[in-house]
Amino acid sequence: SDRAAEMYEWARETLAARGYRHYEISNWARPGWESRHNMAYWVQTPYLGFGVSAHGYYQAERRGNVRGLAAYLRRVEEGQDPAAGVERIDVERARSDGIIFGLRLIDGVDRVVFRVQHGADPLDLWPAQIARLVEQGMLAVTPARVALTPRAHLLGNYVWEHFL
């Protein structure tokens, strides 16, 4: 909505004027105080989850443990896996997640890191989609990065659907 766009612009300008860095679509922080927890998701850093309702992403699996202490303890005491759900992430899904998650960052996707993680450059995987989004003013591409343009910050869902 127009109101949401106005509020977002106000936040972007006001927080920048007060020394906050816009580092992720919906997050600002003083330099050095960015959420390392959230950043791990956006750059696909493996992490383990231990305990009730904990989640993890490790060795091409997304896991989420059962909710509720009683159910969790019962599974652990019986020697069962406490995961309520395990999702295998194949190469195609990992690449799709990599571009979508990376575009949440204001700096965007580091093309070298993406190539190391996924064995290909985003421009080689999605040439038509990226070209179309650049033409529409939604993406900026440099030799180092692919990133949302400021205009696209409120239209992320539109951009991300091109990579599903």
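Higher on the page you've got the structure.
The following paragraphs examine the structure supplied in this document. All chains use their own residue numbering, which begins from 1 and follows the written sequence. With pLDDT at 70 or above as the cut-off, local features in this predicted model cover only qualifying residues; side-chain atom pairs require 80 or more to be listed or tallied, and sums for whole chains, interfaces and linings still use all residues. Think of the side-chain values as coming from all heavy atoms in the structure, minus any hydrogens and water.

1. Focus on the pattern of salt bridges
Note on definitions: salt bridges are taken to be side-chain nitrogens of Lys or Arg within 4 Å of carboxyl oxygens of Asp or Glu. In total, this model carries 14 salt bridges according to the counting rule given. With its nearest N and O atoms 2.2 Å apart, the salt bridge here joins Glu-9 to Arg-12. Of the two residues, Glu-9 and Arg-12 both sit in helix H1 (residues 2–17), three residues apart, roughly one turn of that helix. Exposure categories follow from relative accessible area, calculated using a 1.4 Å probe and restricted to protein chains: below 20% of the type maximum is buried, above 50% is exposed, and the middle band is partly exposed. Judged by its relative accessible area of 16%, Arg-12 falls in the buried class. A salt bridge links Asp-110 to Arg-145, with the shortest nitrogen-to-oxygen separation between them at 3.8 Å. With Asp-110 in strand S6 (residues 109–110) and Arg-145 in strand S8 (residues 145–148), this residue pair connects regions lying 35 residues apart in the sequence. Helical segments are the DSSP runs of H or I of at least four residues, strand segments are the runs of E of at least two, and each set is numbered from the N terminus.

2. Digging into unusual backbone geometry
At Gln-44, a position not held by glycine, the phi torsion is positive, near 60°. Turning to its location among the elements, Gln-44 is positioned in the loop between helix H2 (36–42) and strand S3 (55–58). Here the phi dihedral of Ala-60 falls at roughly 65°; this positive angle occurs in a residue that is not glycine. Topologically, Ala-60 is positioned in the loop between S3 and strand S4 (61–65).

3. Side note on the sheet that holds strand S5 (residues 83–88)
Note: two strands are recorded as paired if DSSP finds a minimum of 2 bridges between them. A sheet is described by the order of its strands in space; here three strands give the open sequence S3-S4-S5, paired in antiparallel fashion. Looking at strand neighbours, the two that pair on one side only are S3 and S5, the edges of this open sheet. Averaged over all adjacent pairs, the angle separating strand axes in this sheet is 15°, with direction ignored. Examined bridge by bridge, S3 and S4 share four bridges and lie antiparallel to one another. Note on S4: the bridge partner recorded for His-55 is Gly-64. Fitting a line to C-alpha atoms yields each axis, with helices limited to the stretch in contact; the angle taken between N-to-C directions then spans 0 to 180 degrees.

4. Things to note about the nonpolar core
By size, the foremost hydrophobic cluster in this structure holds 20 residues, and its most contacted members are Ile-99, Leu-103, Leu-139, Leu-148, Val-159 and Phe-163. Listing elements by their share of this core, those giving two or more residues are H1, helix H4 (91–102), helix H7 (127–135), S8 and helix H8 (156–160). Throughout this description, the term nonpolar core refers to a set of buried Ala, Val, Leu, Ile, Met, Phe, Trp, Tyr and Cys residues connected via side-chain atoms within 4.5 Å.

5. Re the pairing of S4
Adjacent in sequence and paired antiparallel, S3 and S4 are bridged by two residues, among which Gln-59 carries a positive phi angle near 50°. Here S4 runs beside S5; their pairing, made up of five bridges, is antiparallel. Among the inter-strand pairings, Gly-64 is bridged to a residue of S5, identified as Gly-85.

6. Some words on a nonpolar patch on the surface
Here, patches come from residues exposed beyond 30% relative accessible area and free of salt bridges, joined within 9 Å for like charges and within 5 Å for nonpolar side chains (Val, Leu, Ile, Met, Phe, Trp, Tyr). Accessibility throughout is a Shrake-Rupley quantity obtained with a 1.4 Å probe, and a residue counts as covered only by protein chains that appear here. A cluster of nonpolar side chains, contributed by Leu-48, Phe-50 and Tyr-58, occupies part of the molecular surface with about 390 Å² of accessible area. Positionally, Tyr-58 belongs in strand S3.

7. Some thoughts on the environment of Met-39
Following the sequence through the fold, Met-39 ends up in helix H2. Expressed as a C-alpha distance, the spacing of Met-39 and Leu-105, which sit 66 residues apart in the sequence, is 8.4 Å.

8. A word on the packing of aromatic side chains
Aromatic pairing here means that ring centres of Phe, Tyr or Trp (its six-membered ring) are within 6.5 Å. Orientation follows from the plane angle: under 30 degrees is stacked, over 60 is edge-to-face, and everything else is tilted. Throughout the structure, instances matching the rule amount to six aromatic pairs. Their ring planes at 85° and their centres at 5.3 Å tell us that Trp-126 and Phe-163 sit as a pair that is edge-to-face. In this pair, Trp-126 is assigned in the loop between helix H6 (122–125) and H7 and Phe-163 in the segment after H8, connecting sequence segments 37 residues apart. The buried category is assigned to Phe-163, whose relative accessible area is 1%.

9. A word on the environment of Ile-89
Position of Ile-89 among the secondary structure elements: in the loop between S5 and H4. Overall, the relative accessible area of 6% leaves Ile-89 in the buried class. Along the backbone, Ile-89 and Asp-2 are 87 residues apart, and their C-alpha atoms lie at a distance of 37 Å. Discounting residues that sit within four places of it in the chain, Ile-89 has contacts with Tyr-57, Ala-60, Arg-62, Ala-94 and Asp-97. Residue contacts are defined here by distance: any two heavy atoms, one from each residue, within 4.5 Å place the two residues in contact.

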